[in-house]
Amino acid sequence: MAARKKHSSMVPRKKHYRPAGKKKEGNAARYITRSQAIKQLQVTLGFFRRLSILKGIFPREPKKKFKGNNHTYYHVKDVAFLQHEPLLDKFRDIRAYQKKIKKAEAKKNADLATLLRTREPTYKLDKLVRERYPKFVDALRDLDDCLTMVHLFAALPAVERAKIDVELIHNCRRLSHEWQAYVCRTYKLRKVFISVKGIYYQAEIEGQKITWLTPHAMQQVLPDDVNFSVMLTFLEFYETLLGFVNFRLYHSLNVKYPPILDPKLEALASDLYALSRYIVSNTRTSTLEPKAASSSTSEQLEAKEKEMQGDESELRLAQLQHQLPSNEPGALMHLMEGAECENEDDQDTKECKRLFKNMKFFLSREVPRESLLFVIPAFGGVVSWDGEAAPYKEADQSISHQIVDRPTQGHKYLSREYVQPQWIYDCINARIILPTEAYLVGRIPPPHLSPFVDNDAEGYIPDYAETIKRLQAAARNEVLPMPGVGKEDLDDPQNLLVEGYISRAEANEAAQTKKKMVTLEKQYHEELQSELQGAVMKKSKQGSAELAKTSEESVPDPKQIAEDIDTMSKLGMSRKKRGLLEAIEKGKERNTARISKLKERKKKLKSSEN
């Protein structure tokens, strides 16, 4: 019996029979096409696209496209993830409800259609935001596109054919101003660059660098070849995401969200100034109130939030808002008065806070007001503008700089400097106060250099970048070599003594140290040379003269060795990696050609000027 069992276990089992065409392995089992996914989910293409955007599911690129290159592929697990989404049932209910409204309108039953519209089912994306971004840092990492999209729609006009309504534009404008007010409050702005596309900003929040683009304040024209329905789906999710982020950031400052703004400033389209005043009033009152003991459980936090949202607190905040005078000078900028951040400011934040300290600016009508109202306070300056609800008027004698962009001025005050707007942005990127002579009214300003470009890595440093580097070194009391002077000339103690950087005793001590170092270096080189000569003499004694000649002739060239190593490494690469390496080398060659072309142009310009 036991022998029979042993014999049966040794017999290999037959594989399960699969009919032809039913077996799926590899990419065919892991990926499906978009048409197959739509058929599986039983939705239309528009619903599938909308649901994938909201859930953050995007097409994949399998190594082998089993259905051909003209198909879009999705992972099977992603489609299964969509199949169990509650929003799918919600969209179906909304679609069925919209059919009821159309049926009532077709029967000309206006009362029933109006009643159905008031009871139309709605949905929220809060669960999706918490699902896609479990941590706050994850949301900050993915905020670049969100801010760019929100700022874009905040500047667009309301167009009925593109389904861009006024309420959507107002909501985007509110969210963008709330974000800018927080960046101003915490001095987190780092870089600004004006380009043809718009204005690039970069802020650093909780160690994450966030870069976004805002369009210029001009009339925007909507092109016909852009699918606004897809952009509106992205915007729908981004509005919820930015609302979550603003809520968290405002509560980190002990400020209630959403803010209660002054209706007069809102009517005058001074939302950013109104938000800054709101933050000032709330941070001041939060320091006067005793701090409650923090609780770890979520139930206690919810109870505190409900208490904060009572009618008494809203009345108190409204009274504080109206108690502030409408023309309070410096309310936009003195955001740190009466309150200190929980975490200590880093070095960059301290530099940004002190850049425009004790400076008062006034903006003329022709300059980009919204951008300068955002940028100047973020670096510690005080700013006003020409219009109603301004903190102070143009005739204020304490104004240090007036930002203008017209070649002539009707009336000039001798107590202030008139500069072009580019001076503000260049000072921000250089982190120093640049001389105003090159930015005076009527002059052609110097080139506006991008702070996002690493000149050392590119291999070409513009002249104005070198000038800014010298000004930065002078501001930090550093010594840089003059043009045509090397670093070794700066190490000479006599030169430093003549320039006045060190005393005579320090110069004598440095000269003695340098003399010792030179002696030791010379001794080291002599020892190396003698060792090399001794090795050569030993070899010559052991071998004949012919062998010595052949050894001299067989000394390999370093360049040839490097080329051989490169060719050997290329031979061991796959075709894909070899092509990638060749593309990188071609890019480097293109970059060197571009740099040499720029240098030639620079020489021609200098020769023509001379």
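Just so we're clear, the structure is a prediction, and the values are computed from it rather than from any experiment.

Another point: the overall build of the chain. Each helix and strand in the chain was counted, giving 27 helices and nine strands. Considering the chain as a whole, with its 610 residues, one finds that 35% of them fall into the buried category. Restricting to contacts in the chain with at least 6 residues of sequence separation, those with at least 24 account for 62%. For the chain, the exposed surface amounts to about 40400 Å²; the carbon and sulfur share of it is 53%.

Our next topic: the UniProt feature "coiled-coil region" (unreviewed entry) in the chain. The UniProt record marks residues 87–114 and 581–608 with the feature "coiled-coil region" (unreviewed entry), using the residue numbering of this structure. The span residues 87–114 carries 89% helix and 0% strand; its end-to-end C-alpha distance comes to 25 Å. From the first C-alpha to the last, residues 581–608 spans 41 Å; its make-up is 100% helix and 0% strand.

In this structure, L143, F153, I164, W179, L189, L241 and I424 are the most contacted members of the largest nonpolar core, which totals 97 residues. Looking at this core element by element, the count peaks at eleven residues for helix α12 (residues 228–252). For I424, the residues in contact, after removing those within four places along its chain, are F356, F361, L372, V375, I376 and I403. Among the nonpolar cores identified, the runner-up in size contains five residues, and Y97, I101, A104 and L116 belong to it.

Time to look at the environment of Q420. Within the secondary structure, Q420 sits in the loop between β9 (417–419) and α19 (422–430). Along the chain, Q420 and T436 lie 16 residues apart, while their C-alpha atoms are 9.0 Å from each other. At 2.7 Å, the side chain of Q420 and the backbone oxygen of R443 are in polar contact.

What the rule picks out here adds up to 18 salt bridges. Between D348 and R431 there is a salt bridge whose closest N-O contact spans 3.8 Å. Placement of the pair is D348 in helix α17 (residues 347–354) and R431 in the loop between α19 and α20 (455–458), with a sequence separation of 83 residues. Note on D348: relative accessible area 29%, which makes it partly exposed. Residue R406 pairs with E366 through a salt bridge whose shortest N-O separation is 3.2 Å.

Below, the discussion takes up the pairing of strand β5 (residues 208–214). Most of β5 is tucked away: five of the seven residues are buried. As consecutive antiparallel partners, strand β4 (residues 199–205) and β5 are separated by two residues, and within that stretch E206 has a phi angle of approximately 55°, a positive value.

Before going further, it helps to spend a moment on helix α11 (residues 166–186). Look at α11: 31 Å from first C-alpha to last across 21 residues, which is about the 30 Å you get at 1.5 Å a residue. Two residues or fewer after α11 comes Y187, characterised by a positive phi angle close to 55°.

Turning next to the pairing of strand β7 (residues 382–385). Of the two faces of β7, the one holding V382 and S384 and the one holding V383 and W385 are both buried throughout. Of the pairings in the sheet, the one linking strand β6 (residues 360–363) to β7 comprises four bridges and is parallel in character. From the neighbouring strand, F361 faces β7, where its bridge partner is V383. Taken together, β6, helix α18 (residues 369–375) and β7 form a β-α-β motif whose crossover is right-handed.

With respect to the secondary-structure elements, A390 resides in the loop between β7 and β8 (401–403). For the pair formed by A390 and F362, sequence separation is 28 residues and the distance between their alpha carbons is 9.9 Å.

Strand order across the open sheet formed by three strands is β3-β4-β5, with antiparallel pairing between neighbours. Strands with a single pairing partner mark the edges of an open sheet, and in this sheet they are β3 (189–194) and β5. Across the sheet, the axes of successive neighbouring strands diverge by a mean angle of 15°, strand direction being ignored. Strand direction decides the pairing type here: β4 and β5, joined by seven bridges, are antiparallel. Following the sheet pairing, I205 is matched in β5 by Q208.

Between α11 and α12, the least distance of the axes is 10 Å, while the angle of their chain directions is 35°. The way α11 lies across α12 gives a crossing that is left-handed. Contacts between α11 and α12 pair L168, N171, C172, L175, E178, W179, A181 and Y182 from the former with L232, L235, E239, L242, G243, V245, N246, L249, Y250 and S252 from the latter. For the contact of α11 with α12, a count of residues per class yields twelve nonpolar, four polar and two charged.

Attention now moves to the sheet that holds β9. Strand order in the open sheet formed by four strands is β7-β6-β8-β9, with parallel pairing between adjacent strands. What marks the edges here is a single partner per strand, and that holds for β7 and β9. Strand-to-strand, the axes of this sheet are offset by a mean angle of 25°, without reference to chain direction. Across three bridges, the pairing between β6 and β8 is parallel. Counted as the bridge partner of F361 is H401 from β8.

Of the consecutive residues Y257 and P258, the connecting peptide bond is found in the cis state with omega at 0°. A positive phi angle is found at N358, which is not glycine, with a value near 60°. Mapped onto the fold, N358 is located in the loop between α17 and β6. For N358, a relative accessible area of 76% gives the class exposed.

It is worth spelling out helix α6 (residues 86–106) at this point. For α6, spanning 21 residues, the distance from its first C-alpha to its last is 31 Å, which sits close to the expected 30 Å at 1.5 Å a residue. Three or more residues of α6 are buried, namely L87, L88, F91, I94, Y97, I101 and A104. On its buried face, α6 is in contact with α4 (45–55), α5 (76–83), α7 (110–118) and α8 (126–132). Just downstream of α6, K108 is the residue with a positive phi angle, here 60°.

The next thing to look at is the side chain of K360. Along the polypeptide, K360 turns up in strand β6. Within polar-contact distance, the side chain of K360 engages the side chain of D396 at 3.3 Å. A distance of 2.8 Å separates the side chain of K360 from the side chain of S398, its partner in a polar contact. In contact with K360, not counting residues within four places along its chain, are V382, Y392, D396, S398, I399, S400 and H401.

Rules used throughout
Residues numbered from 1 in each chain as written. Predicted model: local features only at pLDDT ≥ 70, side-chain atom pairs only at ≥ 80, totals over all residues. Heavy atoms only, no water. Helix = DSSP H or I, 4+ residues; strand = E, 2+ residues; numbered from the N terminus. Buried < 20%, exposed > 50% of the residue type's maximum accessible area, 1.4 Å probe, protein only. Contact = heavy atoms within 4.5 Å. Areas by Shrake-Rupley, 256 points an atom, 1.4 Å probe, with all protein chains shown as cover. UniProt positions renumbered as here; feature names shortened; annotations may be inferred. Core = buried A, V, L, I, M, F, W, Y, C linked by side-chain atoms within 4.5 Å. Polar contact = N/O pair within 3.5 Å; in protein donor to acceptor, adjacent residues only side chain to side chain. Salt bridge = Lys/Arg side-chain N within 4 Å of Asp/Glu carboxyl O. Pairing = 2+ DSSP bridges. Expected span 1.5 Å × (residues − 1). Right-handed = clockwise from strand over helix to strand, strands pointing away. Axes fitted to C-alpha atoms, helices over the stretch in contact; angles between N-to-C directions. Left-handed = near helix turned anticlockwise from the far one by under 90°. Nonpolar A, V, L, I, M, F, W, Y, C, P; charged D, E, K, R; others polar.

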